[in-house]
Amino acid sequence: MNSRIRAIVPAAGLVLLAAVPLAAALLDQPFYLDLVRRIMIFAIAALSLNLILGYGGMISFGHAAYLGVGAYAVGVLAHYGINDGYLQWALAIGASALVALAIGAISIRTSGVYFIMITLAFTQMLYYLGISIEEYGGDDGMRLQVKSQFPGLIDLNDANAFYYLVLAILVLALFLGQRLVDSRFGMVIRAAKSNEVRTRSIGFSPYPYRLAAFVIAGAVCGLAGALLVNHTAYLTPEFMNWTRSGELMFMVILGGMESIAGPVLGAFALLLLEDALSGWTQHWQLVLGPLLVLSVLFLKRGLAGLVFAKNE
Amino acid sequence: MNRTLLEVRGLRKSFGALLASDDVDLEVLEGETHAIIGPNGAGKTTLISQLAGNLFPDRGRVLFAGEDITALSAPARARRGFARSFQITSIYPDFTALENVMLAVQAHSGSSFRFWRPAREEPSLRSAASAILEEVGLGGRSGVLAANLAHGEQRALEIATALATRPRLLLLDEPVAGMGVEETQRMIALLSFLKGGKTLILVEHDMDAVFSLADRISVLVYGRIIATGAPEEIRANPEVRRAYLGEEVAA
């Protein structure tokens, strides 16, 4: 029974997501297509954060940095007239990985509250860097005049095609993420989170494994950044604001840290709630805040704990 | 005559004014079970933390199989065959018993920078881990979450984890601490089974366990080793009796 539920829930979710463009067209509500596409992009970012936060125990309070680096990689190339999508997205992933390598190499030497503060500090540095560069619009940001070009493959101006691309990347990220956390590598980072002293005593130095996980998470989030800037067709340092990092953390914690799909649930819950509440009242954060507090208090394993049965 | 596996020379460690290890010399022979005993606060935990690389000495050297390992980290020592258990049980509570041991096997069989294949599906890891669980008497409990095991079972699991690293030397920090009579007997039986095949360092308060298992005993008092010898010698040593054993042995 449990295993059947575990198989049905993701399948049903996939069917629902795949049906969104059709439903939006039938209801003549293109807004929903836009909303769900945006949520899925954040789901990819939250999923990448969960690799290090949930599985690795590294409480990064600066994950929005990679969203920003990915977005700027695309935006800056486009600014200079380079619209080739392959090049833009490769740069988005590569630059995010490099930034994650630099930030991780230093941050992972610390732990606890120092790790939280140092990841936050690095991201704030990037945020102010974004604000200070007038060439790229400073704190106003800049428009992405032309979306990433993938001639012969896909046209991102086609809303449905772009939607399905994001969905495909989300599914791929879920699949690869599950492989990763179950692999030898994944076991080591989970072990180092569970009991660092024991892990060292059986012969693992956690540092290189944690750093590699940090870089992978940064690279995946960089791809989400490339998607996000194409989605909004606009680039601003706000992508890297610390509140954005906090939202990503909330998606992970709300959704459930012990499951690969948890942050996806978290992203949908948080952003749908935000959308519904903000349509209802201007003071929607007053409602959202207590709901989040309650969920943290009473949903120990997050939304994923409600949806999926526990393994053992 | 057996070769020396672990050699400690002039080890010194102080915390402020407290001299926790005071020029400790110690020699552990290949294949022997060497107990380290001493009253509370004698510096046993400080000493073995320096042996395992969880703490570094101010002065002195630690040689393992002829190699100077004084400056090596705990993982580096573990990779050379130095395994340990902790006074307070150190396991992965949210992993199953089998996963706990598989991870230790994994640490000593090839690279762990592998990202694709699920580790739990590697037959070589599974079979090695299962065999070790069987050996320590946890064969029937492999699928149980470590957090849900009884205290004695968790202690045995920790020893299984240490064994899974295929150590040359196994350092056991109070393996029967906090156990009931029956659990203690079971643990002593397990350690007798391991004894001889492995080099063991046993730090223990339980004198039954020490005198029934140890080939040699070193007595640590105020950070100094005041005597090393066979159990009968230690029993008979007046200095030891005065400093530590007291009425417990006389009785």
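Residues numbered from 1 in each chain as written. Chains lettered and ligands numbered in written order. Predicted model: local features only at pLDDT ≥ 70, side-chain atom pairs only at ≥ 80, totals over all residues. Heavy atoms only, no water.

Novice: Is there a simple way to think about the pattern of salt bridges in this case?
Specialist: Should the charged atoms of two oppositely charged side chains come close, the side chains can pair. All names here are of chain B. One pass over the full model with this rule turns up 23 salt bridges over all chains. Residues E27 and R9 are paired through a salt bridge, measuring 3.8 Å at the closest nitrogen-oxygen approach. Of this pair, E27 sits in strand 2 (residues 18-29) while R9 sits in strand 1 (residues 4-15), and the two are 18 residues apart along the sequence. Since its relative accessible area comes to 33%, E27 is described here as partly exposed. A salt bridge links K195 to D215; the nearest nitrogen and oxygen atoms lie 2.7 Å apart. Here the residue K195 occupies a position in the loop between helix 6 (181-194) and strand 8 (199-203), and D215 occupies one in the loop between helix 7 (207-213) and strand 9 (216-221), the gap between them amounting to 20 residues. Judged by its relative accessible area of 26%, K195 falls in the partly exposed class. Residue D215 is classed as partly exposed on the basis of its relative accessible area, which comes to 32%. (Salt bridge = Lys/Arg side-chain N within 4 Å of Asp/Glu carboxyl O. Helix = DSSP H or I, 4+ residues; strand = E, 2+ residues; numbered from the N terminus. Buried < 20%, exposed > 50% of the residue type's maximum accessible area, 1.4 Å probe, protein only.)

Novice: Please clarify how the environment of B:I37 should be interpreted in this entry.
Specialist: All names here are of chain B. Inspection of the secondary structure assignment puts I37 in strand 3 (residues 33-37). I37 gets classed as buried once you look at its relative accessible area, which sits at 0%. Put simply, I37 and E204 are 167 residues apart on the chain and 6.1 Å apart in space, counted from C-alpha to C-alpha.

Novice: Looking at this structure, how should I read the interface of chain B and chain A?
Specialist: Many descriptions give the size of an interface as the accessible area lost when the pieces come together. Taken together, the contact pairs 42 residues of chain B with 28 residues of chain A. Each partner contributes to the roughly 2,900 Å² buried at the junction of chain B and chain A, and carbon and sulfur atoms together form 59% of this total. For B:E158, the salt bridge is made with A:R198, and the minimal N-O distance between the two is 2.8 Å. Counting the contacts that link chain B with chain A gives 19 residue pairs in polar contact (both at pLDDT 80 or more). (Contact = heavy atoms within 4.5 Å. Buried area = accessible area lost by both parts, 1.4 Å probe. Polar contact = N/O pair within 3.5 Å; in protein donor to acceptor, adjacent residues only side chain to side chain.)

Novice: What exactly am I supposed to notice about the environment of A:Y114 here?
Specialist: Assignment of secondary structure puts A:Y114 in helix 5 (residues 113-132). As for A:Y114 and A:Y66, which are separated by 48 residues in sequence, their C-alpha atoms are 20 Å apart.

Novice: What's the story with the side chain of A:Q124 in this structure? I'm lost.
Specialist: Residues and elements named next belong to chain A. Secondary-structure assignment places Q124 in helix 5. For Q124, a relative accessible area of 18% gives the class buried. The residues contacting Q124, other than those within four sequence positions of it, are M240 and W242.

Novice: Sorry if this is basic, but what is going on with the domain arrangement of chain B here?
Specialist: Residue and element names in this part refer to chain B. Split by domain assignment, chain B resolves into domain 1 (1-81 + 167-251) and domain 2 (92-166). For domain 1 versus domain 2, the distance between C-alpha centres works out to 26 Å. At the junction of the two partners, domain 1 supplies 19 residues and domain 2 supplies twelve residues. When the two sides are added together, the surface that domain 1 and domain 2 hide from each other amounts to roughly 1,100 Å², 70% of it contributed by carbon and sulfur. For the pair domain 1 and domain 2, the number of links is zero salt bridges. At the surface where domain 1 touches domain 2, the tally comes to five residue pairs in polar contact (both at pLDDT 80 or more). Every element with two or more residues in the side of domain 1 that touches domain 2 is listed here: helix 2 (74-79), strand 7 (169-173) and helix 6. Counting residues per element, the side of domain 1 that touches domain 2 draws most heavily on helix 6, at six residues. Of the residues assigned to the side of domain 1 that touches domain 2, the class counts are twelve nonpolar, one polar and six charged. (Domains from an automatic or database assignment. Nonpolar A, V, L, I, M, F, W, Y, C, P; charged D, E, K, R; others polar.)

Novice: Please clarify how the side chain of A:D182 should be interpreted in this entry.
Specialist: Residue placement: A:D182 occurs in helix 6 (residues 159-182). A distance of 3.3 Å separates a polar atom in the side chain of A:D182 from a polar atom in the side chain of B:R120. Apart from the residues lying within four places of it in its own chain, the contact partners of A:D182 are A:M187, A:R190, B:R117, B:P118, B:A119 and B:R120.

Novice: What is the right way to look at the packing of helix 3 (residues 64-79) of chain A against helix 4 (residues 85-107) of chain A in this model?
Specialist: For any two helices packed against each other, the geometry comes down to the angle between their axes and how far apart the axes lie. Residue and element names in this part refer to chain A. Where helix 3 contacts helix 4, the two axes come as close as 8 Å, and the packing angle between them is 140°. The pairing of helix 3 with helix 4 is recorded here as oblique in orientation. Considering how the two elements wind past one another, helix 3 and helix 4 form a crossing that is right-handed. Between helix 3 and helix 4, the contacting residues are Y66, V69, G70, A73, V74, L77 and A78 on the first element and L87, Q88, W89, L91, A92, A95, S96, V99, A100 and I103 on the second. Residues that form the contact of helix 3 with helix 4 fall into these classes: 14 nonpolar, three polar and no charged. (Axes fitted to C-alpha atoms, helices over the stretch in contact; angles between N-to-C directions. Parallel < 35°, antiparallel > 145°, perpendicular 65-115°, else oblique. Left-handed = near helix turned anticlockwise from the far one by under 90°.)

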